[in-house]
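Coordinates in review
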Amino acid sequence: MSLTSTEKCAAAEELIAGGKFEDAEFLLEQVLDSHPLNVTALNAKCGLLMRSGKMAEARRLLQIASDIAPEDPVVLTNLANVALLENRIGDAIDSLEQAHVARPDYLAAILLLGQVHQMLGQRKEAAEWLTRASALQAEDPEVLAAGAAFELDQQNIVEARRLYEKAVETRPGHIRSLAGLARIRCLAGDFEKAVDLAKKAHLLAPQDPESALVLAQVFLQSGALGDADTLIGRFKRRYADYAPIVVLGAEIRIAQGEVQQGLADVAAWFRKAPGDATRLVAFLKLLRKAGDWQRILDMCEKLPAEVQASDAVVSLQEEALLALGRNKEGWQSWAQRRNLPEGSPCPPVQVTLPPRVPLLDEMVLMRFVDAVARKGRLEVAGETQIPGIWGRLSEAASVEWTKDAAPDPQLLADLAARVTLHPPDNDGFRPYLAPEPGRRTMWEAALPAGGRPRVGVFWDARPPGLLIDHLQDALKDLNIHIISLQFDESRHQLRTWRGVLDAGVKLEGPGDLVNLVDCLDLVVGPDGVPLHVAGALGRRGIALLQENHEWYWAGSDRQSIWYPDVERIVLPIGPSWAGAKTALRETLERMIPALHLPVTT
């Protein structure tokens with residue numbers, strides 16, 4: 001007895017769920033050969049065509065299905081998927097809301113509504129839709145993965161991992177969950193495992209744009225720029241208007257040093273729909289990646305009032321102002337947007353660290369905590385990955401840590417805004433870290449002496465960051481003691497650099513850097529913890545930066561605003577660090593005589 005069309009469609013859906021798309025397509029074509037108006041088969045075939053980037057054929061079949069069953073929730077959801085891939089967000093929401101009205105318990109439409117609202121930054125609405133989905137099928141892998149993605153967006157890493165892992169337990173080949181776990185591994189710096197997970201997800205669905213996006217992102221973050229470019233290039237040809245692919249492709253171009261080409265690619269995409277706010281914000285964010293801060297401000301001034309006032313645009317304006325050294329304007333906007341009370345905060349002050357606040361942001365913001373703690377008690381709630389450095393804060397005795405967040409917490413950035421906006425209450429920069437005397441004495445005795453300056457160095461482990469090779473040539477033959485401050489696995493790269501003291505092998509955690517760096521004459525490296533420690537201690541440093549550096553490295557020419565004793569060298573964007581050797585060498589040869597020490601000729 002032959003299989004019925006219903007049986008074949010059901011089997012095809014199972015095959016699609018398992019990533020066996022070619023087998024599924026074979027069954028669906030059998031159905032459509034004999035029943036060309038079978039809506040179930042048309043819907044499933046449309047899904048496969050969208051995954052392979054055959055949008056014109058997908059739209060043709062969807063039109064047939066829509067003519068037959070205009071209120072079918074599956075058809076409407078597929079129309080929404082097509083609209084999303086073409087960056088027509090409004091049309092997608094309209095179709096999904098119609099699908100929900102037609103069938104209030106249709107899980108796919110509910111989940112996609114949650115994801116679209118999350119993508120637009122509308123967290124409350126996203127949470128409401130995801131709650132509805134969970135009430136329908138809490139253990140479904142798709143529901144678990146959607147919930148995990150939401151938690152990940154909120155920086156709730158532990159809960160996101162739990163939900164993704166539960167989805168994989170339920171369905172071992174669940175593509176979206178494998179990709180999500182790869183993203184989490186990337187956040188933890190475990191790039192090898194991240195690549196393995198992302199590759200597995202991509203191989204299960206090699207034509208799926210979402211799994212390809214995650215793999216390309218992992219390649220980019222792990223320094224495999226060529227692999228990232230090759231992969232995303234294939235999908236750009238299929239999904240010419242899908243925002244995540246267009247933007248990621250441009251980000252890869254910028255990381256490779258092809259800044260103008262990357263901006264031109266997104267500018268052309270933006271001009272297709274200049275009134276589309278989502279395209280506009282994507283272009284502004286890309287300008288941030290390119291370090292084109294003035295252009296961000298120039299564009300924002302010309303926007304319609306309602307777009308200019310949106311949180312996404314105002315946030316970019318604030319960051320641009322700070323990056324250009326216009327601190328008071330930037331923090332004034334920040335304070336007004338959050339309705340902060342006027343006046344510098346008066347102790348006792350309660351502060352809650354945001355989840356997974358970047359380490360380097362913490363290093364900068366310690367300065368403001370120290371400024372307030374000078375006046376009285378300050379309580380900090382939350383988790384930090386660098387408790388040892390917080391313990392070396394000059395006013396650490398006035399800072400109390402608790403795990404219980406305050407009912408109405410003040411975030412660290414709010415604190416920074418208020419201290420900066422009220423200079424009479426802030427006596428300017430002063431060193432805000434202090435070494436532990438006993439441990440510092442041990443380091444002083446262990447480091448080389450003899451009149452030559454001690455220069456601490458560190459580097460990035462992978463491109464497009466500053467690599468060990470970029471430093472090695474610039475420091476060659478100088479009459480200095482070179483001390484490596486590298487304290488992770490990249491220490492092993494020192495095997496190619498003879499004569500360097502590997503201090504990282506004896507470091508007792510990041511907090512011990514404070515004791516070590518205080519014994520040095522100079523610290524050289526990219527944006528990283530050792531350089532921030534030097535700046536916070538008031539030690540001399542040289543920051544090797546690129547034009548898209550973070551806002552806290554704002555400055556005028558060589559002068560850093562945030563760390564007066566750290567000089568800036570700002571170079572073009574790209575993995576080659578063009579000009580780094582010459583600029584660093586010239587700076588060192590100028591600075592070393594200032595320390596009353598000779599340069600070897």
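Here is what the cut-offs are and how they apply
- Residues numbered from 1 in each chain as written.
- Predicted model: local features only at pLDDT ≥ 70, side-chain atom pairs only at ≥ 80, totals over all residues.
- Heavy atoms only, no water.
- Helix = DSSP H or I, 4+ residues; strand = E, 2+ residues; numbered from the N terminus.
- Rg over C-alpha atoms; globule rule 2.2 N^0.38 Å.
- Buried < 20%, exposed > 50% of the residue type's maximum accessible area, 1.4 Å probe, protein only.
- Contact = heavy atoms within 4.5 Å.
- Areas by Shrake-Rupley, 256 points an atom, 1.4 Å probe, with all protein chains shown as cover.
- Lys, Arg positive; Asp, Glu negative; His and termini not counted.
- Charge placed at Lys NZ, Arg CZ, Asp CG, Glu CD.
- Axes fitted to C-alpha atoms, helices over the stretch in contact; angles between N-to-C directions.
- Parallel < 35°, antiparallel > 145°, perpendicular 65-115°, else oblique.
- Left-handed = near helix turned anticlockwise from the far one by under 90°.
- pLDDT = per-residue confidence, 0-100.
- 1 Å grid on protein atoms, 1.4 Å probe; cavity = no way out; pocket = protein on both sides within 12 Å on 5 of 7 lines; lining within 4 Å.
- Points joined across faces, edges and corners; volume = space filled by probe spheres on them.
- Nonpolar A, V, L, I, M, F, W, Y, C, P; charged D, E, K, R; others polar.
- Salt bridge = Lys/Arg side-chain N within 4 Å of Asp/Glu carboxyl O.
- Expected span 1.5 Å × (residues − 1).
- Phe/Tyr/Trp six-rings, centres within 6.5 Å; stacked < 30°, edge-to-face > 60°.
- Lys NZ or Arg CZ within 6 Å of the ring centre and 35° of its normal.
- Pairing = 2+ DSSP bridges.
- Arc of directions from axis to C-beta.

On to the overall build of the protein chain. Across its full length, the protein chain holds 29 helices and 11 strands. Relative to its length of 601 residues, the protein chain is compact, with a C-alpha radius of gyration of 27 Å against a globular reference of 25 Å. Taken along the three principal axes of its C-alpha coordinates, the protein chain extends 90 × 55 × 45 Å. Residues classed as buried in the protein chain amount to 51% of the 601 residues present. Restricting the contact set of the protein chain to residue pairs at least 6 apart, pairs at least 24 apart contribute 61%. Within the structure as shown, the protein chain displays about 27,200 Å² of accessible surface, and the carbon and sulfur contribution to it stands at 51%. Across the protein chain, the centroid of the 65 positively charged side chains sits 4 Å from that of the 81 negatively charged ones.

Another aspect to go through is the packing of helix 4 (residues 55-68) against helix 5 (residues 73-85). When two helices pack together, you describe them by how their axes are tilted relative to each other and by the distance separating the axes. At a closest axis distance of 10 Å, the pairing of helix 4 and helix 5 adopts a crossing angle of 155°. With respect to each other, helix 4 and helix 5 are oriented roughly antiparallel. As for how helix 4 packs across helix 5, the hand of that crossing is left-handed. Taken together, the residues of helix 5 that come into contact with helix 4 (itself represented by Met55, Arg59, Leu62, Ala65 and Ser66) are Val75, Asn78, Leu79, Val82 and Leu85.

Moving on: the confidence of the model for the protein chain. One rule of thumb: low pLDDT means the predicted coordinates there are not for detailed reading. Taken as a whole, the protein chain shows an average pLDDT of 89; of its residues, 97% reach a score of 70 or greater. Low pLDDT, under 50, characterises residues 597-601; the predicted model gives this stretch 13 contacts beyond four residues in sequence or across chains.

Of the pockets and cavities examined, the second largest pocket occupies roughly 330 Å³. Together, 14 residues line the second largest pocket, and Gln155, Pro354, Pro355, Arg356 and Glu383 are the ones closest to its centre. Of all elements in the fold, only helix 10 (157-170) and helix 22 (359-373) reach the threshold of two or more residues within the lining of the second largest pocket. Here the lining of the second largest pocket is composed, by residue class, of seven nonpolar, four polar and three charged.

Under the criterion given, the structure shown has 36 salt bridges. A salt bridge links Arg162 to Glu159, with the nearest nitrogen and oxygen atoms 2.8 Å apart. Pair noted here: Arg162 and Glu159 are both in helix 10, with a separation of three residues, about one helical turn. Where Arg377 meets Glu400, a salt bridge forms, and the shortest distance between an N and an O atom there is 3.7 Å. Remark: Glu400 occurs in strand 3 (residues 399-402) and Arg377 occurs in the loop between helix 22 and strand 2 (378-381); sequence separation between them is 23 residues. In this structure Arg377 comes out as partly exposed when scored by relative accessible area, which is 40%. Residue Glu400 is classed as partly exposed on the basis of its relative accessible area of 39%. Linked through salt bridges whose partners overlap, the residues forming this network are Arg440, Glu444, Arg454, Asp518 and Arg539.

A few words on helix 14 (residues 225-238). With 14 residues, helix 14 should reach 20 Å at 1.5 Å per residue; the first-to-last C-alpha distance of 21 Å fits that figure. Taken as a whole, helix 14 has its buried residues at Leu225, Ala228, Leu231, Ile232, Gly233 and Phe235. Those residues of helix 14 that are buried lie in contact with helix 12 (191-204), helix 13 (209-222) and helix 15 (243-255).

It is worth spelling out the packing of aromatic side chains at this point. Inspection of the entire model under this criterion finds 12 aromatic pairs. An angle of 10° between the planes, with centres 6.5 Å apart, marks the rings of Phe235 and Tyr239 as stacked. The same class applies to Phe235 and to Tyr239, which are both buried. When the centroid spacing of 5.3 Å and the interplanar angle of 80° are considered together, the rings of Trp551 and Trp562 count as edge-to-face. Of this pair, Trp551 sits in the loop between strand 8 (541-546) and strand 9 (555-556) while Trp562 sits in the loop between strand 10 (559-560) and strand 11 (566-571); the two residues are 11 residues apart in sequence, bridging distant segments of the chain. Just as Trp551 is buried, Trp562 falls in that class too. Counting every residue linked through ring pairs, the aromatic cluster contains Trp331, Trp334, Phe368, Trp551, Tyr552, Trp553, Trp562 and Tyr563. Sitting above the plane of the Trp129 ring, Arg132 keeps its charged end 4.2 Å from the centroid. Over the face of the ring belonging to Trp334 we find Arg338, whose NZ or CZ atom lies 3.5 Å from the ring centre.

Attention now moves to the sheet that holds strand 2. With parallel pairing, three strands are arranged side by side in an open sheet as 1-2-3. Across the chains shown, the open sheet's two edge strands, defined by having one partner strand only, are strand 1 (349-352) and strand 3. Within the sheet, the average angular offset between the axes of one strand and its neighbour, ignoring direction, is 25°. Direction of pairing for strand 1 relative to strand 2: parallel, over a ladder of four bridges. Residue pairing across strands places Gln350 opposite Glu379, the latter belonging to strand 2.

Attention now goes to unusual backbone geometry. Residues other than glycine predominantly adopt negative phi, and peptide bonds predominantly adopt the trans conformation. In this structure, the amide linkage connecting Pro347 to the following residue, Pro348, adopts the cis form with an omega of 5°. Checked against the element boundaries, Pro348 lands in the loop between helix 21 (327-337) and strand 1. Residue Pro464 follows Pro463 across a cis peptide bond; omega there is 10°. Along the chain, Pro464 falls in the loop between strand 4 (454-457) and helix 26 (468-475). Phi angles above zero are rare outside glycine, and Trp577 is one such case at about 50°. Within the element layout of this structure, Trp577 appears in the loop between strand 11 and helix 29 (580-594). On the accessibility criterion, Trp577 (7% relative accessible area) is buried.

Within helix 21, burial applies to Asn327, Gly330, Trp331, Trp334 and Ala335. What you see down the axis of helix 21 is that its buried residues fit within an arc of 130°, all on one side. Turned more than 90 degrees from where helix 21 packs its buried face, Lys328 and Gln336 sit exposed. At its buried positions, helix 21 is contacted by helix 20 (311-323) and helix 24 (412-421).

A separate point is the environment of Cys186. Tracing the backbone shows Cys186 in helix 11 (residues 175-187). With relative accessibility at 7%, the residue Cys186 sits in the buried group. Separated by 78 residues in sequence, Cys186 and Ala108 place their C-alpha atoms 28 Å apart. Residue contacts for Cys186: discarding those within four places in its chain leaves Phe191, Ala194, Val218 and Gln221.

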